[in-house]
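Listed below are the residues making up each chain.
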Amino acid sequence: MSAGAVAQETGAALARSDADGLNATLYWSQEWLDAQAGVIDRRASAGETLPLAAIPVALKDNIVTTDAPTTCASRILEGFVASYESTASARLRSAGALIACKSNLDEFAMGSSTEHSAFGRVRHPLDPERVPGGSSGGSAALVAAGVVPAALGSETGGSVRQPASFCGVVGVKPTYGRVSRYGLVAFGSSLDCVSVFGRTVSDASRVLEVISGPDPLDATSLDMDPVRPAAGRRDLAGVRIGLPREYFPPDLDAGIRAGLDRTIAAVRALGAEIVDVSLPHTRYAVPTYYIIAPAEASANLARFDGVRYGQRRVGPEGDIRSLYRATRGAGFGPEVRRRVLVGTYVLSAGYYDAYYRKAQRVRGLIAADFAAVFGTGVDLLLTPTTPTTAFRAGEKTADPVSMYLADIFVSAVNLAGLPALSLPVGRSEGLPVGAQLIAPSRRDELMLEVAAVIERTVPAAEDVR
Amino acid sequence: MSDWETVIGLEVHMQLRTRSKMFCACSTAFGDPPNTNVCPVCLGLPGALPVPNAAAIRLGAQAALALGCTLHHESVFARKNYFYPDLPKGYQISQFDRPLATDGTVHFDSAERGRVAVTIQRLHLEEDAGKSLHDRVPGRTAVDLNRAGVPLAEIVSGPDLRTPAEARAWLTVLRQILLYTGASDCSMEEGSLRVDANLSIRRTGDAALGTKTEIKNMNSFANVERALEAERTRQIGLVESGKQVRQVTLLFDAASGAVRPTRSKEESHDYRYFPDPDLPPLRLTTEWEQQQRTALPELPEARRRRFADVLGLAPYHAGVVSSDRPLADYFEAVVAAGADPRAAANWVAGDVMTGYNADGAFAVEPARLAALIGLERDGVVSLQAARRVFAELAAADADPRAVAERLGLVQVRNADALSAWVDEVIAAHPAETARYRGGETKLIGFFVGRVMKLSGGKADPKGVQPVLKERLG
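Nothing here was measured: the structure is a model prediction, and the numbers come from that model.

Draft legend 1. Representation of the overall build of chain A within the structure. Along the backbone of chain A there are 14 helices and 11 strands. Pairs at least 24 apart in sequence give 76% of the contacts found in chain A among residues at least 6 apart.

This is the structure we're talking about:
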């Protein structure tokens, strides 16, 4: 099929999802799709090999492109069009992919439900009263709704795996540094990771292969080849999979437990060895995350000051301080303001040691937990991705801490910089259940190979409860 | 005044001499139109990331080694957070608790205290901010971000200086060293060297330090000295009239010679430093450090000593000739071309340096100068004549002897010619001749001078005397 035809189909699908009120897109237009398709078709007919020829990929709207606005779902960036292209999107384009749209997100990727978007919440494709998870909820919903086969999201603390789990799609967070952050609007730089959604492990892997690999524009990028899982693994013989007991609490949602139980049984049947393991510092992951991520965010978001780009408001006093206050006060939503304030506080003289420094030490302990377990010969960890299935909109917006706890099984991975993915393993009361695989640093390939085997065995759309 | 001791420490910001900025590929060229040397990184655009400039790290390390510092094999870039329109990211990337280098020493000669060791507390790398232009658009502040991201090394001295004159003298030595390393142009005019000073006073003999103030906005070493003098006088005046020195930042006004508090509010800044997560710790190996050491030139102090001890220069000449690396290189080239070192030093500290200071270049090839020095040593030309030849060579390269001959400056030693001039002078001065013959022999100088004048400077003075003595005697 020509890219031109794909662009037409994609435009129609996007229009339908918009009309259905999914609210998953922040920017696209048919002319924009057609223009991209024209380029792809010309390159294809010139004989170029395009590994993602005319594959539509949605882009979370915190990844900059030169031909579309980037808002981060924030008023403060309304109307901003970047003057440069992110490495991830440049590599997608170079591979012939069609950037389908810029997708909705929690403002500056801060949230777990995509309710904190300045442009309205994203609906769960299976139940409009529920949230798709977040912060990459727009990308997750678009893949789940069948609008696009794959999408880019970003993770700081589970922002791809958690919505992937809620929406019943595959969400892959690679090892920190395997995908360049250049052009990903920074939230928590030591945690941020461009990540991938796919309908299948293979779709996600194809996209990840294209966007990964070293980038001289990102000093934290790893000098490793692109992520390229081997094909052909049929079973899990010789694979040792750990079940960290802290991830299976007694009060775990029954549907989630059922989904995991059948996955564990399937994995065992496929020949894997199952071992119980412990990650004792797990319970400190969310509090540690909510010190380090806001601290980094408070500095990362300082550049949105109304001086050079984005929205500017002149304050009542007319001086520069007043301009900062007015611009940032009006431009940032409440969750962003909360995190900037928390981050500023934990870095302040007199509090730095008690919060930021201590959090960094705990982060080290959390990473050491994983290293110790993997050091005993465990190849991968299998856990639930989320403590519950998708919750109702409005259920947690009034209580930030309960919202933060939606990420209780995903944030430790970001603190340790590890690769992890979420795989749909069934449904509970009609809502998807996700299982999480966590791999040692740089073992993204093994994780994807094992996930592909599980995917073939465990029916994702089957009710388990 | 003598009741009070002044304690001064200096912070020197030096622009590292790289073609591109600290964390991006933009040019560091000075004087380009505003906001032309900018990119997503130094503009602080959303999503852009810094990548360290290896050349800046190398130059910073070389400067640190030249200042005798310990180079740390792991240092950390940190974010220094504050809002200002010319600070695009809302933070400056600097180094805080893990600087590139610490614990150096730079000696200098104090007029009062002799040889003094001044500690270098630290040298760290950072990026410069942009420039706020308050006079470009009436009633508004314009921002030029060409400087944003330009690589700097900040060098912090210990509180080891005791007078404003010492501060100036030490800065001169420091600058010599930094220029020698090639790490910076050290031009205060172009902003590649900036100096902030801290000053406090205490009763002579006290061990505890007084409250210090910081002085900024000094655009020359002379003004550093003036500003420190003004601040010392101000602080002593305050304390002697029963008031207290408050910790403030002051700006020096070169026109009035006074220091004034900055207009900004007295807020104590909390910069909320934390390690920059965009930049992994800067790791250096022993082997790399060794390469940087090897790359260092002989430094001014070592060179001065060698010029004095090995080449036999007088202390003054050894100091002057080694003060500047190109000047010292030139001197060594002249010596290598066969000139006597002391004579060469005389020339280099004289006519050569005058021309070099004026044009920044050496107009006469070292070998030509060596040849000229040889002509003077051999009595072919007088020193006076040699200086004229030098001026000619500076204008157009040529063989010194040919120039001397063309200008008729080759000294005449031919006895007949000398005798003719001597006879003419004696004939023209009968009275002096009589006095000389009457025993007033010190008049010989008078006669030599007359002969020289008559000959148009061409007579060889060494040859004239014996002829004169013979004819007068």
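Draft legend 2. Representation of the overall build of chain B within the structure. Of the regular secondary structure elements, chain B holds 15 helices and 16 strands. Relative to the globule expectation of 23 Å for 473 residues, the C-alpha radius of gyration of chain B, 30 Å, shows a markedly less compact shape. Burial analysis of chain B (473 residues in total) assigns 40% to the buried set. Taking as baseline every contact in chain B between residues at least 6 positions apart, the subset at least 24 positions apart corresponds to 69%.

Draft legend 3. Representation of the nonpolar core within the structure. Residue and element names in this part refer to chain A. Of all hydrophobic cores here, the largest spans 220 residues; its most connected members are V57, L98, F197 and L437. If one sorts the elements of this core by residue count, helix 8 (residues 285-300) sits on top with 10 residues. Non-local contacts of L437, meaning those with residues more than four positions away in its chain, are made with L380, L382, A420, L421, L423, M447, V450 and A451.

Draft legend 4. Focus on the sheet that holds strand 6 (residues 101-110) of chain B. Residues and elements named next belong to chain B. Within the open sheet, the nine strands sit side by side as 2-6-7-10-1-11-12-13-14. Their pairing is mixed. Two strands in the sheet have a free side with no partner beyond their single neighbour: strand 2 (70-71) and strand 14 (258-261). As judged from the seven bridges shared by strand 7 (residues 114-127) and strand 10 (residues 151-157), these two strands associate in the antiparallel manner. Paired with H124 across the two strands is E154, which belongs to strand 10. Strand contacts of helix 1 (residues 54-66): strand 2, strand 6, strand 7 and strand 10, with the helix running at about 165° to strand 7, the strand carrying the most contacts.

Draft legend 5. A look at the packing of helix 7 (residues 325-336) of chain B against helix 8 (residues 341-359) of chain B. All names here are of chain B. Two elements in contact, helix 7 and helix 8, have axes whose closest approach is 10 Å; the angle formed by their N-to-C orientations is 135°. By the angle class used here, helix 7 and helix 8 are oblique. You can see that helix 7 and helix 8 cross each other, and the crossing is right-handed. For the pair helix 7 and helix 8, contact is made by L327, Y330, F331, V334 and V335 and by P341, A344, A345, V348, V352, M353 and Y356, respectively. Among the residues forming the contact of helix 7 with helix 8, the class breakdown is 12 nonpolar, no polar and no charged.

Draft legend 6. Local environment of the pairing of strand 4 (residues 77-81) of chain B. Residues and elements named next belong to chain B. Counting buried residues in strand 4 gives four out of five residues, a clear majority hidden from the surface. Pairing between strand 4 and strand 15 (residues 274-275): two bridges, direction antiparallel. Bridging across to strand 15, A78 finds its partner in P275.

Draft legend 7. Quick look at the interface of chain B and chain A. The interface is formed by 25 residues belonging to chain B together with 34 residues belonging to chain A. By residue class, the composition of the side of chain B that touches chain A is 16 nonpolar, four polar and five charged.

Draft legend 8. Spotlight on helix 6 (residues 315-322) of chain B. Every buried residue belonging to helix 6 of chain B is among H317, A318, V320, V321 and S322 of chain B, and all of these are buried. Each element contacted by the buried residues of helix 6 of chain B is listed here: helix 5 (300-309), helix 7 and helix 8 of chain B.

Draft legend 9. Region of the structure containing helix 3 (residues 87-94) of chain A. All names here are of chain A. Summarising burial for helix 3: six of the eight residues are buried, a large majority. Tucked into the core, helix 3 has its buried residues touching strand 2 (56-60), strand 3 (98-103), strand 4 (150-155), strand 6 (193-198) and helix 6 (201-211). The positive-phi residue at the C-terminal boundary of helix 3 is G96, with phi of around 90°.

Draft legend 10. Looking closely at the pairing of strand 5 (residues 170-173) of chain A. All names here are of chain A. Alternating residues of strand 5 divide into V170 and V172 and G171 and K173, and every residue in both groups is buried. Bridge count between strand 5 and strand 6: three bridges; the pairing is antiparallel. What sits directly across from V170, in strand 6, is G198. Relative to strand 10 (residues 420-428), strand 5 runs antiparallel, the two sharing three bridges. Of the residues in strand 10, the one forming a bridge with V172 is L421.

Draft legend 11. Molecular detail of unusual backbone geometry. Residue S135 of chain A is reached from G134 of chain A by a cis peptide bond, and omega for that bond is 10°. Examined against the element boundaries, S135 of chain A turns out to sit in the loop between strand 3 and helix 4 (137-144). Even without a glycine there, the phi angle at T114 of chain A is positive, about 55°. Within the secondary structure layout, T114 of chain A lies in the loop between strand 3 and helix 4. With phi around 70°, N217 of chain B is a residue other than glycine that occupies positive phi space. Among the secondary structure elements, N217 of chain B is positioned in strand 12 (residues 213-218).

So, how was this worked out
- Residues numbered from 1 in each chain as written.
- Chains lettered and ligands numbered in written order.
- Predicted model: local features only at pLDDT ≥ 70, side-chain atom pairs only at ≥ 80, totals over all residues.
- Helix = DSSP H or I, 4+ residues; strand = E, 2+ residues; numbered from the N terminus.
- Contact = placed C-beta atoms within 7 Å.
- Rg over C-alpha atoms; globule rule 2.2 N^0.38 Å.
- Buried ≥ 20, exposed ≤ 12 C-beta atoms within 10 Å, placed from the backbone.
- Core = buried A, V, L, I, M, F, W, Y, C linked by C-beta atoms within 7 Å.
- Pairing = 2+ DSSP bridges.
- Axes fitted to C-alpha atoms, helices over the stretch in contact; angles between N-to-C directions.
- Parallel < 35°, antiparallel > 145°, perpendicular 65-115°, else oblique.
- Left-handed = near helix turned anticlockwise from the far one by under 90°.
- Nonpolar A, V, L, I, M, F, W, Y, C, P; charged D, E, K, R; others polar.

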